[in-house]
Amino acid sequence: MRRFFTSGYALLLAAMLLGAMMAPLHAQDFPPPAPRPWSSLNPAQQDVLAPLRDKWDTLPPRRQSNMLQKADHWVTLPPERRDEVRLRIAHWQAMTPDERRQARANQQQFRQLPPEQRARLHAAFEQFQQMPPAQRDRLMQQWQATHPGQRMQFRTMPALPAGH
């Protein structure tokens, strides 16, 4: 990790990463929130949102509201969950813009899959994570050597039985 991430930086990237899991809000469904000046935030909110301090008062009220919800949620997370989020943030920041764009596209494509196919992919990923590193490396090398057309066939295959 190039640098230590403060809880504020963690919150900002967590908001980006976790935002995809939340249902989108539609402007016509809710009245616009009122702007909140920085001085009206409580000390815990100011601590978590410190990286936004200089531009907080210029943020649109909806963005302020969204960030306040994230800040309030952040302080309730157990320390090990915060550490997981910090690791994801570090990984995200190390990605190139093209890698981030591809990650967003993959996430969108995953969300459009039928629930049973998402469950199969999630189970296969969990299996992959449980493999010894050498076995994962071999599998990744095989995958990268596979023609993209052949990779599409894997979408319909069931997950490997445990132990493979």
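See the structure above.
An account of the accompanying structure is given in this report.

Rules used throughout
- Counting restarts for each chain, with residues numbered from 1 along the sequence as it is written.
- Reporting in this predicted model follows two pLDDT cut-offs: at least 70 for local features of residues, and 80 or more for side-chain atom pairs to be given and counted; totals over whole chains, interfaces and linings ignore these cut-offs and use all residues.
- The side-chain figures draw on all heavy atoms in the structure; neither hydrogens nor water molecules are used.
- Definition of nonpolar core: a set of buried residues of the types Ala, Val, Leu, Ile, Met, Phe, Trp, Tyr and Cys, connected through side-chain atoms within 4.5 Å.
- Under the scheme applied here, a residue whose accessible area is under 20% of the maximum for its type counts as buried, over 50% as exposed, and between as partly exposed, the area being computed with a 1.4 Å probe on protein chains only.
- Every helix listed is a DSSP run of H or I at least four residues long, and every strand listed is a run of E at least two residues long, numbered separately from the N terminus.
- Note on definitions: a residue-residue contact is assigned when non-hydrogen atoms from the two residues lie within 4.5 Å.
- When a carboxyl oxygen of Asp or Glu is within 4 Å of a side-chain nitrogen of Lys or Arg, the pair counts as a salt bridge.

1. Quick word on the nonpolar core
Logical step 1: Core analysis: the largest hydrophobic core is formed by 14 residues, its most contacted members being Leu41, Leu49, Leu52 and Trp56.
Logical step 2: For this core, the secondary-structure elements that each account for two or more residues are α3 (61-74) and α4 (79-94).
Logical step 3: For this core, the leading source of residues is α3, giving four residues.

2. Looking at the side chain of Gln45
Logical step 1: Within the secondary structure layout, Gln45 lies in helix α2 (residues 43-48).
Logical step 2: Judged by relative accessible area, which is 8%, Gln45 ranks as buried.
Logical step 3: Every residue in contact with Gln45, bar those within four places of it in the chain, is listed here: Arg36, Leu68 and Asp72.

3. Some words on the pattern of salt bridges
Logical step 1: Summed over all chains, the structure comprises three salt bridges.
Logical step 2: Across the pair Asp83 and Arg86 runs a salt bridge, and its minimum N-O distance is 3.3 Å. Taken together, the positions of Asp83 and Arg86, both in helix α4 and three residues apart, correspond to about one turn of that helix.
Logical step 3: The class for Arg86 is buried, based on a relative accessible area of 18%.
Logical step 4: As a salt-bridge pair, Arg101 and Asp98 come within 2.4 Å of each other at their nearest N and O atoms. A residue pair is termed a helical-turn pair when its members lie 3 or 4 positions apart in one helix, as Arg101 and Asp98 do in helix α5 (residues 97-111) at three residues.

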